[in-house]
Amino acid sequence: MKLTVVGCSGSFPSTESACSSYLVEADGFRLLLDMGNGALGELQRHIGLYDLDAILLSHLHPDHCIDMCGYFVARYYRHEGGRAGPIPVHGPKGTEQRLATAYGDVPDDSCMGEVFDFRTLEPGTFALGPLTIRTDRVRHPVEAYAFRVEHRGASLVYSGDTGPCQALHDLAVGADLLLCEASFTYGKEDIPDLHLNGREAGEHAARAGAGRLVLTHIPPWTDPLTNLRDARAVFDGPVELAETGAVYEI
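Criteria and cut-off values
Residues numbered from 1 in each chain as written. Predicted model: local features only at pLDDT ≥ 70, side-chain atom pairs only at ≥ 80, totals over all residues. Heavy atoms only, no water. Salt bridge = Lys/Arg side-chain N within 4 Å of Asp/Glu carboxyl O. Helix = DSSP H or I, 4+ residues; strand = E, 2+ residues; numbered from the N terminus. Buried < 20%, exposed > 50% of the residue type's maximum accessible area, 1.4 Å probe, protein only. Core = buried A, V, L, I, M, F, W, Y, C linked by side-chain atoms within 4.5 Å. Contact = heavy atoms within 4.5 Å. Pairing = 2+ DSSP bridges. Axes fitted to C-alpha atoms, helices over the stretch in contact; angles between N-to-C directions. Polar contact = N/O pair within 3.5 Å; in protein donor to acceptor, adjacent residues only side chain to side chain. Left-handed = near helix turned anticlockwise from the far one by under 90°. Nonpolar A, V, L, I, M, F, W, Y, C, P; charged D, E, K, R; others polar.

### Points about the pattern of salt bridges
Inspection of the entire model under this criterion finds 12 salt bridges. Across the pair D51 and R30 runs a salt bridge whose closest N-O atoms are separated by 3.5 Å. Highlighted residues: D51 in the loop between helix 1 (39–43) and strand 4 (54–56) and R30 in strand 3 (residues 29–33), separated in sequence by 21 residues. Relative accessible area serves as the criterion here: at 34%, D51 is assigned to the partly exposed category. For R30, a relative accessible area of 25% puts it in the partly exposed group. Between E114 and R83 there is a salt bridge, with the nearest N and O atoms lying 2.8 Å from each other. With E114 in helix 5 (residues 112–115) and R83 in the loop between helix 3 (68–76) and strand 5 (87–91), this pair connects stretches of sequence that are 31 residues apart. When salt bridges that share partners are traced, they join K2, E25, R30 and D51 into one network.

Written out as C-alpha cells, the structure reads:
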C-alpha cells in the first residue's frame with residue numbers, strides 16, 4: 001500500500017496544510033480517508049478528480065468531510081462525458097443528509113445519491129476492492145470511527161478523531177503504521193472523550209506494538225514539536241509528524 005498525506009491540519013486549515021485527508025493506493029485501487037477543508041484542491045496534486053474508487057468518512061465534523069460538497073459539484077455537474085458514476089462513500093448514519101444540508105440548495109433530495117453510493121458504517125469488517133477494512137466506534141462527541149486498512153499482510157490504522165479508548169488499541173495491535181491524531185498538548189488540555197495528546201498517541205502505539213507512528217490532526221494552535229517530543233518519550237519506534245504531500249510505503 002501507498003499512503004499519501006493530502007491534508008493533516010486539525011479543526012481548520014493551517015498556512016501549510018488542508019484539513020484531514022489521506023489517500024491509500026493498492027493494486028490500482030484508490031481510497032480516500034476523509035475529505036476536510038481544502039482537501040479537494042490538494043487531492044488534485046496527486047490524482048485526477050475522477051480517479052477515486054471509494055471514500056471513508058470517519059465522522060461528520062467539517063474538518064473531515066466538508067469538501068465532499070465541492071466534490072459533489074465536480075461529479076454531478078461534470079462537463080465532459082456527463083455525470084460521474086456513483087462511488088462508494090462509507091460514513092456514519094445520516095451522512096447523505098448532513099452533506100446535503102451543508103451544500104444547501106441541492107437540485108433534489110436524491111441528487112447526491114446519483115454520484116455517491118452512500119453506505120452506513122458499523123463496527124465490523126468489509127472489503128473495498130483489494131483492501132480489507134476493519135472499523136470500530138471511537139470516543140468523540142459525535143459518532144466517529146477509526147479504520148484499519150489491510151492489504152497483502154500490510155496494515156495501516158487511522159484513528160480519526162478520538163480520546164483514549166480500547167477500540168483504537170484493538171484496531172492498532174501490530175499495525176505497520178499508526179496514523180494517529182494528536183490534537184492536544186500533554187499537561188495542558190484534558191477533556192474526556194474528545195482528542196488525544198502526543199503522549200497518549202505514543203502510549204497507544206507502544207501498547208499496541210505498532211511499527212511506526214505518524215502524528216496528525218494537529219491544529220494550528222498546538223506546537224507539533226512538543227507533541228512529537230511527548231510521543232517519543234513513551235514510544236521507542238519511529239515517530240514523525242504528518243506533512244502535506246508525505247508518502248509512506250506500507
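### Structural notes on the nonpolar core
L32, M35, L52, I55, M68, Y71 and F116 are the most contacted members of the largest nonpolar core, which totals 28 residues. Residue assignment for this core shows that the elements contributing at least two residues are helix 1, helix 3, strand 5, helix 4 (95–103), helix 5 and strand 6 (116–120). Counting residues per element, this core draws most heavily on helix 3, which supplies 5 residues. Here M68 is in contact with M35, I55, L57, V89, L99 and F116, once residues within four sequence places are set aside.

### Observations regarding the sheet that holds strand 4
Taken in spatial order, the 7 strands of this open sheet run 6-5-4-3-2-1-14, and their pairing is mixed. On the outer flanks of this sheet lie strand 6 and strand 14 (247–249), each paired with one strand and no other. Each neighbouring strand pair of the sheet contributes to a mean axis angle of 20°, computed without reference to strand direction. Note that strand 1 (residues 2–7) and strand 2 (residues 21–26) share 5 bridges and pair antiparallel.

### Points about the environment of D67
Structurally, D67 is set in the loop between helix 2 (62–65) and helix 3. In the structure, D67 is positioned 66 residues away from M1 in sequence and 24 Å away in space, judged by C-alpha atoms. Ignoring any residue separated from it by four or fewer positions in sequence, one finds D67 in contact with M35, G36, N37, G38, A39 and L40.

### Description of unusual backbone geometry
The phi torsion of most residues other than glycine is negative, and most of the peptide bonds are trans. Backbone geometry at D34 places phi at a positive 70°, although glycine is not the residue there. With respect to the helices and strands, the residue D34 is situated in the loop between strand 3 and helix 1. In the Ramachandran plot, H217 falls in the positive-phi region, its phi being about 55° despite a non-glycine side chain. On the secondary structure map, H217 appears in the loop between strand 12 (213–216) and helix 8 (224–232). For H217, a relative accessible area of 2% translates into the label buried.

### Re the side chain of T226
Inspection of the secondary structure puts T226 in helix 8. For T226, the side chain forms a polar contact with the side chain of D223, separated by 2.7 Å.

### Examining the packing of helix 7 (residues 198–208) against helix 8
Two elements in contact, helix 7 and helix 8, have axes separated by 7 Å at closest approach and are oriented at 35°. The two elements helix 7 and helix 8 meet at a crossing, and its hand is right-handed. Here G198, R199 and G202 of helix 7 come into contact with helix 8, specifically with N227, D230 and A231. Grouping the amino acids of the contact of helix 7 with helix 8 by side-chain chemistry returns 1 nonpolar, 3 polar and 2 charged.

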